[in-house]
2 protein chains.
Amino acid sequence: MAEPEQLDEWKMRARNWFETLCTQVHDTFETIEKSATSSIIKCPAGRFLHKDWKRKGGGGGVMSTMSGRVFEKVGAHISTVHGNLSPEMCKKIPGTEEDPSFWASGISIISHMWNPHIPTIHMNTRMLVTNKYWFGGGADLTPMLKTRRCQEDPDNIDFHAAMQATCEAHAVADYAVYKKWCDDYFFLPHRGEPRGIGGIFYDNLNSGNWEKDFAFTQELGRTFLSIYSSLIERNMEYKWNEEEKNEQLIQRGRYVEFNLLYDRGTLFGLKTGGNIDSIFSSMPPNVKWP
Amino acid sequence: MAEPEQLDEWKMRARNWFETLCTQVHDTFETIEKSATSSIIKCPAGRFLHKDWKRKGGGGGVMSTMSGRVFEKVGAHISTVHGNLSPEMCKKIPGTEEDPSFWASGISIISHMWNPHIPTIHMNTRMLVTNKYWFGGGADLTPMLKTRRCQEDPDNIDFHAAMQATCEAHAVADYAVYKKWCDDYFFLPHRGEPRGIGGIFYDNLNSGNWEKDFAFTQELGRTFLSIYSSLIERNMEYKWNEEEKNEQLIQRGRYVEFNLLYDRGTLFGLKTGGNIDSIFSSMPPNVKWP
């Protein structure tokens, strides 16, 4: 374990980064909204609404959501929480054998787009501190149309390439392991189908060099913002028809099924009295089970 | 335990009843569709579509769904299945200590209506046979508008009164216990709110007199059909506005949350390789999480 002063500095830097990245995400997505003058949805450019929340046991966060003309609904939130974990949670979280106290800071983003040609994305990164400390997170892409939910689609090739390049630029990250982790995690056993086309997922990252682990986590955030902005811009002026919109709304049902049946973060939040608004802000705005 | 011949007769009669009731439900709901000439949704009267399915381990069922101009989506299904329960399931199901074989027959109905003034209903009854035998089931009502989701609404008073009268006409049924069971079961802990306004719920009903238990189960089916038809007819020509429709779509999200997070039947089905189409046929056709 690091010296307390050292750890405090790291916690501050991690938190500052998640907040900085979140502001960059807000700015970038609002700029996209403004640029979409010929968009099919006729309404003013969206702006993020920000809502502070406090956690009973300690800490809190800012929930930021936007409904616009490109983004049907997007959430980009930060939170920094601390306190004591329940005995049940201590069994699952490393470094809590002798002391249940924890600190966690992170960013999480999920987007649901008007245009069914633009994929849905999920990204989150976080730093955890108990008697140990580590980073975790990931980014994965869900194209909403079956014709585009394949590994051969240029968007998906570029997304994977961006994730791979990010991992390969950082010796602490193992792309093959992180890619498989993502595929294994974002899978719906009851349907025997993956949620999307994958990405990367990592957890318990502590290489022994905090600076390097942090640098990778930061770069994943930058990569996410850059590649997703480019995928939006490529697809946002595509015309779509009612059939495609319908397909998107049905595909969103899989997202709901995954989140409520399997997602560890969602179930953890719901079962430990988390902030309902914040947890459910990732749910799609419109969904169909025909 | 009963003599095998006796039990076979009971199983046949129970199955026949569930099938008969299901046909009555189809006929009644189709008649309502036909009668709705001045309905706000301009489309032809709906008809049930029927789809047979087989269960791998033995048995199967008929899944019947309708999308019409009064019913946005309704499922009214029967199934009769048999085989061996997994060791894990045997721990939960009575009478399987020495023999994992089981037989089950039942009916299940969930409705999602166009008109937000018409409540959603859920009804199911079933007979189970292992080394024991019993009936279970229930019916509960979910008004979709907040102003009508209260115990004082005349619809809800009448619904409860119908359930109470049904129980009170049958000495084997304990209304107070069944009502509380329903309230306890259809509750969303993460929101601290009930799913609807309640109804009745019962399980493991074996009073020692199969005829009496069966008679109660049959009457619950008849009561459901009669009271729900009357609630539909009272409300189906109510005009509604966009705000009310929106409220309904949001309230349906609670239904999804309950089914995927807590409903024993849904989770049991999904985790034991049940028929996905049939399990998800109860999901609302359109839902919002704004």
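Residues numbered from 1 in each chain as written. Chains lettered and ligands numbered in written order. Predicted model: local features only at pLDDT ≥ 70, side-chain atom pairs only at ≥ 80, totals over all residues. Heavy atoms only, no water.

With respect to the overall build of chain A
Of regular secondary structure, chain A possesses eight helices and 10 strands. The C-alpha atoms of chain A give 19 Å as radius of gyration, which agrees with the globular expectation for 290 residues (19 Å, within 12%). Each principal axis of the C-alpha atoms in chain A carries an extent, and together these give about 60 × 40 × 40 Å. Counting only residues that meet the buried cut, chain A has 57% of its 290 residues in that class. Contacts spanning at least 24 positions in sequence make up 67% of the contacts within chain A whose residues lie at least 6 apart. Accessible surface, chain A: about 12,700 Å² in total, of which carbon and sulfur atoms supply 53%. Placing the 33 positive and 37 negative side-chain charges of chain A at their respective mean positions leaves the two points 5 Å apart. (Helix = DSSP H or I, 4+ residues; strand = E, 2+ residues; numbered from the N terminus. Rg over C-alpha atoms; globule rule 2.2 N^0.38 Å. Buried < 20%, exposed > 50% of the residue type's maximum accessible area, 1.4 Å probe, protein only. Contact = heavy atoms within 4.5 Å. Areas by Shrake-Rupley, 256 points an atom, 1.4 Å probe, with all protein chains shown as cover. Lys, Arg positive; Asp, Glu negative; His and termini not counted. Charge placed at Lys NZ, Arg CZ, Asp CG, Glu CD.)

A word on the relation of the copies chain A and chain B
When chain A is fitted to chain B, the residual RMSD is 0.0 Å, and the transformation amounts to a turn of 180° plus an axial shift of 0.0 Å. The symmetry that links the two subunits is that of a two-fold axis. No C-alpha of chain A lies nearer the rotation axis than that of V287 of chain A, which sits 2.6 Å from it. Mapped onto chain B, 100% of the interface residues of chain A are again interface residues, and the two copies thus contact each other with one and the same surface. (Least-squares fit on C-alpha atoms with pLDDT ≥ 70 in both.)

Side note on the side chain of N235 of chain A
All names here are of chain A. Residue position: N235 is located in helix 5 (residues 210-235). A polar contact is formed between the side chain of N235 and the backbone oxygen of L231, at a distance of 2.8 Å. Discounting chain neighbours no more than four positions away, the residues touching N235 are N115, H117, I118, P119, R148 and D155. (Polar contact = N/O pair within 3.5 Å; in protein donor to acceptor, adjacent residues only side chain to side chain.)

Examining the packing of helix 3 (residues 154-168) of chain B against helix 4 (residues 175-185) of chain B
When two helices pack together, you describe them by how their axes are tilted relative to each other and by the distance separating the axes. All names here are of chain B. Contact pair helix 3 / helix 4: the axes reach a minimum separation of 9 Å and the direction vectors enclose 135°. Taken as axis vectors, helix 3 and helix 4 run oblique relative to one another. Where helix 3 approaches helix 4, its residues H160, M163, Q164 and C167 are matched on the opposing element by Y175, Y178 and K179. (Axes fitted to C-alpha atoms, helices over the stretch in contact; angles between N-to-C directions. Parallel < 35°, antiparallel > 145°, perpendicular 65-115°, else oblique.)

Looking at the packing of aromatic side chains
Residue and element names in this part refer to chain B. Within this structure, the stated rule accounts for 38 aromatic pairs over all chains. Where W10 meets W210, the ring centres are 5.1 Å apart and the plane angle is 5°; that geometry is what we call stacked. Of this pair, W10 sits in helix 1 (residues 4-35) while W210 sits in helix 5 (residues 210-235), and the two are 200 residues apart along the sequence. On the basis of relative accessible area, W10 is assigned to the buried category, the value being 11%. Judged by relative accessible area, which is 2%, W210 ranks as buried. When the centroid spacing of 6.1 Å and the interplanar angle of 70° are considered together, the rings of F186 and F201 count as edge-to-face. Linking F186 in the loop between helix 4 and strand 7 (187-188) with F201 in strand 9 (residues 198-205), this pair joins segments that are 15 residues apart in sequence. (Phe/Tyr/Trp six-rings, centres within 6.5 Å; stacked < 30°, edge-to-face > 60°.)

Here we look at the interface of chain A and chain B
The interface is formed by 19 residues belonging to chain A together with 19 residues belonging to chain B. A buried area of about 1,800 Å², summed over both sides, lies between chain A and chain B, and 68% of it is on carbon and sulfur atoms. Remark: the boundary between chain A and chain B carries zero salt bridges. At the junction of chain A and chain B, the tally comes to nine residue pairs in polar contact (both at pLDDT 80 or more). Elements with a contribution of two residues or more to the side of chain A that touches chain B: helix 6 (242-261), helix 7 (264-271), helix 8 (276-280) and strand 10 (286-288) of chain A. Of the residues forming the side of chain A that touches chain B, the biggest block, four residues, is contributed by helix 6 of chain A. (Buried area = accessible area lost by both parts, 1.4 Å probe. Salt bridge = Lys/Arg side-chain N within 4 Å of Asp/Glu carboxyl O.)

Observations regarding the confidence of the model for chain A
Counting all residues, the mean pLDDT for chain A is 94, and 98% of those residues have values of 70 or more. With pTM at 0.91, the complex prediction returns an ipTM value of 0.89. (pLDDT = per-residue confidence, 0-100.)

With respect to the pairing of strand 3 (residues 71-84) of chain B
All names here are of chain B. A large share of strand 3 lies buried, amounting to 11 of its 14 residues. Where strand 2 (residues 59-66) and strand 3 come together, six bridges link them in antiparallel fashion. Looking at strand 3, one finds that T65 is bridged to G75. Linking strand 2 to strand 3, which pair antiparallel, is a turn of four residues. Pairing geometry for strand 3 and strand 4 (residues 101-113), over 13 bridges, is antiparallel. The partner of S79 across the bridge, within strand 4, is G106. (Pairing = 2+ DSSP bridges.)

Quick word on the pattern of salt bridges
Residue and element names in this part refer to chain A. In this structure the tally under the stated criterion is 38 salt bridges over all chains. Here D277 ties to K51 by a salt bridge, and the two come within 3.4 Å at their closest N and O atoms. Of this pair, D277 sits in helix 8 while K51 is found in strand 1 (residues 49-54), placing the two residues 226 residues apart along the sequence. Because the salt bridges share partners, they merge into one network encompassing R148, D153, D155, D158 and R234.

Considering the sheet that holds strand 5 (residues 120-129) of chain B
Residue and element names in this part refer to chain B. Read across the sheet, seven strands follow the order 1-2-3-4-5-6-9 without closing on themselves; strand pairing throughout is antiparallel. Two strands bound the open sheet, and with one partner strand each, they are strand 1 (49-54) and strand 9. Neighbour-to-neighbour, the strand axes of this sheet turn through a mean angle of 10°, independent of strand direction. Sheet contacts for helix 5: strand 3, strand 4, strand 5, strand 6 (133-142) and strand 9; angle to strand 6, the most-contacted strand, approximately 15°.

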